[in-house]
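Architecture at a glance
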Amino acid sequence: MTDLPPFETVADLIREVCAAEIMPLFNRLESHHLSDKQSGELVTAADLASEARFTEALSRMAPGTVVVGEEAVSADLAVLDRLAGDVPAWIVDPLDGTRNFAHGLHCFAVIIALADKGETVRGWIYDPLNDVMLMAARGEGAWTGEGQVRIPQDTSVGNMTGSMNKRRRERLHRHGETAEPGAVPARVTRYGCTGREYMDLALGRLHFAEYAMLKPWDHAAGILIHGEAGGCSRFVEDGSAYRPMGIQHERLLLAPDNAGWNELDRLLKAI
């Protein structure tokens, strides 16, 4: 692999771009700062300006790498092909939780991952409102500025909190009405910001999550961080591990450990 910048250099870049391009527009967006993508998703001037800054800076920091940014893919789907190339690829979500950001909700993040030959090898997720940065390197663990991160184990399903989409939450709720006490999770929600969900998964504040459409800029860094913190994640269809190779329409389940994953898998297949 090409020479890479130190972890803190990338972390400093993330903080710098947040301070320059994202936070000045929080609660200050005007109509000319907002537009819709072809997909119908909202995009703001903060998304576009921060991705441009990340693309230029990461390419300069690590010559010989390529960048796959959410907004670049929105403009040209062929950008995703860079993930299948022979050179390391930065995967950038310049502002995860755009709709929350646009509505003044305190739940958004910046996500950056580095993939090499179909494997995520580094990841950063940053919460600029609380100045919390989670980082991970494959085989080296996950950490914040305060030290290593390890997910608490042996949480019973009845005491878990989780994240699922609205339709699946409703089905789980109906199942819980006739199930034994403690057989279903205590609370299930959705943040509207995948990056913040991954932060809470790694920190033990959220115990499980289920995702059915995986875009690499939303998930590559978070799955690495979660796994390096001791968590378990697999696709439910075949038990395989996630690889950042494009947009995937399969159901992925994340849990604190293998035993919890198996118990949740049995429960969720029953709803």
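Refer to the structure presented above.
The rules behind the values
- Residues numbered from 1 in each chain as written.
- Predicted model: local features only at pLDDT ≥ 70, side-chain atom pairs only at ≥ 80, totals over all residues.
- Heavy atoms only, no water.
- Helix = DSSP H or I, 4+ residues; strand = E, 2+ residues; numbered from the N terminus.
- Polar contact = N/O pair within 3.5 Å; in protein donor to acceptor, adjacent residues only side chain to side chain.
- Core = buried A, V, L, I, M, F, W, Y, C linked by side-chain atoms within 4.5 Å.
- Buried < 20%, exposed > 50% of the residue type's maximum accessible area, 1.4 Å probe, protein only.
- Contact = heavy atoms within 4.5 Å.
- Expected span 1.5 Å × (residues − 1).
- Pairing = 2+ DSSP bridges.
- Axes fitted to C-alpha atoms, helices over the stretch in contact; angles between N-to-C directions.
- Parallel < 35°, antiparallel > 145°, perpendicular 65-115°, else oblique.
- Nonpolar A, V, L, I, M, F, W, Y, C, P; charged D, E, K, R; others polar.

For the rest of this paragraph, the subject is the side chain of Ser 163. As for its position among the elements, Ser 163 is in strand β10 (residues 161-163). Looking at Ser 163, its side chain comes within polar contact range of the side chain of Arg 190, at 2.7 Å.

If you look at the biggest cluster of nonpolar residues, it comprises 38 residues, and the most contacted ones within it are Ile 125, Tyr 198 and Leu 252. Within the residue set of this core, elements represented by two or more residues are β4 (89-96), β5 (109-116), β7 (132-137), α6 (194-203), β12 (208-211), α7 (216-228) and β14 (252-255). If near-sequence neighbours (up to four positions away) are discounted, Tyr 198 is found in contact with Ile 125, Tyr 211, Asp 218, His 219, Gly 222, Ile 223, Leu 252 and Leu 254. Counting 31 residues, the second-largest nonpolar core is a separate cluster that includes Ile 14, Val 17, Val 110 and Leu 114.

Taking 1.5 Å per residue as the helical rise, α7 with its 13 residues ought to reach 18 Å, and the 18 Å between its terminal C-alpha atoms agrees with that figure. All buried positions along α7 are accounted for by Pro 216, Trp 217, Asp 218, His 219, Ala 220, Ala 221, Gly 222, Ile 223, Leu 224, Ile 225, His 226 and Glu 228. Gly 230 sits one or two residues past α7 and shows a positive phi near 105 degrees.

Now for the sheet that holds strand β8 (residues 141-144). Taken together, the seven strands give an open sheet; going across it, the order is β3-β4-β5-β6-β7-β8-β9, and neighbouring strands pair in mixed fashion. Only two strands of the sheet have a single partner each, and these edge strands are β3 (66-69) and β9 (147-148). In this fold helix α1 (residues 7-22) packs onto β4, β5, β6 (119-127), β7 and β8, with an angle of close to 40 degrees to the strand it touches most, β6.

So, about the packing of α6 against α7. It is at 9 Å that the axes of α6 and α7 come closest, and there the two elements cross at 5 degrees. Considering the angle they form, α6 stands roughly parallel to α7. Between α6 and α7, the contacting residues are Thr 194, Tyr 198, Leu 201 and Ala 202 on the first element and Asp 218, His 219, Gly 222, Ile 223, Ile 225 and His 226 on the second. Among the residues making up the contact of α6 with α7, the classes are represented as five nonpolar, four polar and one charged.

In short, the description is geometric, and any link to function would need to be established separately.
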